[in-house]
Amino acid sequence: GAVVSQHPSRVICKSGTSVKIECRSLDFQATTMFWYRQFPKQSLMLMATSNEGSKATYEQGVEKDKFLINHASLTLSTLTVTSAHPEDSSFYICSARDWAEYSGNTIYFGEGSWLTVV
Amino acid sequence: KNEVEQSPQNLTAQEGEFITINCSYSVGISALHWLQQHPGGGIVSLFMLSSGKKKHGRLIATINIQEKHSSLHITASHPRDSAVYICAVGSGGSRLTFGEGTQLTVNP
């Protein structure tokens, strides 16, 4: 089963509203999670690094006031898209790394969230 | 020039064929990852390599650190292997730089 769970998998929201996407590590603690965005037929683009208990680190060009990231616990990071616009419609996916030796330091990805802003 | 380049961008094969996808990178790395992304979007990590070769079922991944090149091979390909295969490199920590992916279609 999935070890990183992302919710919701699909969401449609109206322009101007906010939508929250959750990313949970189920079997391990993740002090760091990563949020990516992917447009159709394009590569994953890192948006921000989510750090448990501290502020997220945003990539250049990503508006931190628009894409709010909260990493309040070792197993949960949330991405909130505020004042959503149609151009925010995209596939958002998170990842986390299980640093435990027995897991082989594997990187796990969430199932992704398709956001459509209408 | 992208830091991670994959070839080919698109690949169509007949069931049973041997498939190779290539990845070249231009930065120093601590590990290289091969990922599989299905049409629904979900991503599965196939391999993480820092040297040599790894095998899992019909999948084989190799890396040549000196040449900064990695290959993903699929033996006896099957339609269910149809997906986008993504090469990603990490230079420390969990931050990855991704290639643009290779769309593989295996026809029955």
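Our subject is the structure listed above.
Residues numbered from 1 in each chain as written. Chains lettered and ligands numbered in written order. Predicted model: local features only at pLDDT ≥ 70, side-chain atom pairs only at ≥ 80, totals over all residues. Heavy atoms only, no water.

**Some details on the overall build of chain B**
- From N to C terminus, chain B includes 0 helices and 11 strands.
- In terms of C-alpha radius of gyration, chain B reaches 13 Å, essentially the compact-globule figure of 13 Å for 108 residues.
- Principal axes of the C-alpha set define a box for chain B whose edges measure 40 × 25 × 25 Å.
- Counting the 108 residues in chain B, one finds 42% classified as buried.
- Sequence-distant contacts, at least 24 apart, represent 54% of the contacts inside chain B between residues at least 6 apart.
- With the model as given, the accessible surface of chain B reaches about 5,100 Å², and the carbon-plus-sulfur share is 48%.
- Positive and negative charge centroids in chain B, built from 8 and 7 side chains respectively, lie 9 Å apart. (Helix = DSSP H or I, 4+ residues; strand = E, 2+ residues; numbered from the N terminus. Rg over C-alpha atoms; globule rule 2.2 N^0.38 Å. Buried < 20%, exposed > 50% of the residue type's maximum accessible area, 1.4 Å probe, protein only. Contact = heavy atoms within 4.5 Å. Areas by Shrake-Rupley, 256 points an atom, 1.4 Å probe, with all protein chains shown as cover. Lys, Arg positive; Asp, Glu negative; His and termini not counted. Charge placed at Lys NZ, Arg CZ, Asp CG, Glu CD.)

**Focus on the pattern of salt bridges**
All names here are of chain A.
- Considering all chains together, one arrives at 3 salt bridges over all chains under this definition.
- A salt bridge links Lys66 to Asp88, with the nearest nitrogen and oxygen atoms 2.8 Å apart. One end of the pair, Lys66, is in the loop between β6 (57–58) and β7 (67–73); the other, Asp88, is in the loop between β8 (76–81) and β9 (90–97), with 22 residues separating them in the sequence. The exposure classification of Lys66 matches that of Asp88, with both residues buried. (Salt bridge = Lys/Arg side-chain N within 4 Å of Asp/Glu carboxyl O.)

**Some points on the sheet that holds strand β1 (residues 4–7) of chain A**
Residue and element names in this part refer to chain A.
- Pairing within the open sheet is antiparallel, and its 4 strands lie in the order β1-β3-β8-β7. The sheet terminates laterally at β1 and β7, the two strands that pair on one side only. Across the sheet, the axes of successive neighbouring strands diverge by a mean angle of 15°, strand direction being ignored.
- Of the strand pairs in this sheet, β7 and β8 are connected by 5 bridges, and their pairing is antiparallel. Within the sheet, the bridge partner assigned to Phe67 lies in β8 and is Val81. (Pairing = 2+ DSSP bridges. Axes fitted to C-alpha atoms, helices over the stretch in contact; angles between N-to-C directions.)

**Focus on the interface of chain B and chain A**
- The partner chain A presents 19 residues to the 18 residues of chain B that form the contact.
- Taken together, both faces of the contact between chain B and chain A bury some 1,500 Å²; the carbon and sulfur share is 58%.
- Along the contact surface separating chain B from chain A lie 0 salt bridges.
- Seen at the junction of chain B and chain A, the total is 3 residue pairs in polar contact (both at pLDDT 80 or more).
- Looking at the side of chain B that touches chain A, the elements that each hand over two or more residues are β4 (31–37), β5 (43–49) and β10 (96–98) of chain B. (Buried area = accessible area lost by both parts, 1.4 Å probe. Polar contact = N/O pair within 3.5 Å; in protein donor to acceptor, adjacent residues only side chain to side chain.)

**Here's the deal with the sheet that holds strand β1 (residues 4–7) of chain B**
Residues and elements named next belong to chain B.
- Read across the sheet, 5 strands follow the order β1-β3-β8-β7-β6 without closing on themselves; strand pairing throughout is antiparallel. Across the chains shown, the open sheet's two edge strands, defined by having one partner strand only, are β1 and β6 (52–56). Strand-to-strand twist across the sheet, computed as the mean angle between neighbouring axes with direction ignored, equals 15°.
- Relative to strand β8 (residues 69–74), strand β7 (residues 59–64) runs antiparallel, the two sharing 6 bridges. Looking at the pairing, Ile63 lines up with Ser70 of β8.

**Observations concerning unusual backbone geometry**
- Going from A:His7 to A:Pro8, the amide bond is cis rather than trans, its omega being 0°.
- Within the fold, A:Pro8 resides in the loop between β1 and β2 (10–13).
- Omega for the peptide link from B:Ser7 to B:Pro8 comes to -5°, which places this bond in the cis form.
- Along the chain, the position of B:Pro8 falls in the loop between β1 and β2 (10–14).
- Positive phi, normally seen in glycine, also occurs at A:Lys41, with a value near 60°.
- Note that A:Lys41 resides in the loop between β4 (32–38) and β5 (45–51).

**Describing the layout of surface pockets**
- If you add up the space inside the largest pocket, you get close to 570 Å³.
- Around the largest pocket, the lining is made up of 24 residues, and of these A:Pro40, A:Lys41, A:Gln42, B:Val84 and B:Gln103 lie nearest the centre.
- Among the elements of the structure, β9 of chain A together with β9 (83–90) and β11 (102–107) of chain B are those that each provide at least two residues to the lining of the largest pocket.
- With 3 residues, the top contributor of residues to the lining of the largest pocket is β9(B).
- For the lining of the largest pocket, the per-class residue count stands at 8 nonpolar, 14 polar and 2 charged.
- If you add up the space inside the second largest pocket, you get close to 310 Å³.
- What lines the second largest pocket is a set of 14 residues, and nearest its centre among them are A:Leu44, A:Met45, B:Leu96, B:Thr97 and B:Phe98. (1 Å grid on protein atoms, 1.4 Å probe; cavity = no way out; pocket = protein on both sides within 12 Å on 5 of 7 lines; lining within 4 Å. Points joined across faces, edges and corners; volume = space filled by probe spheres on them. Nonpolar A, V, L, I, M, F, W, Y, C, P; charged D, E, K, R; others polar.)

Everything listed here is a matter of geometry and, on its own, says nothing about what the molecule does.
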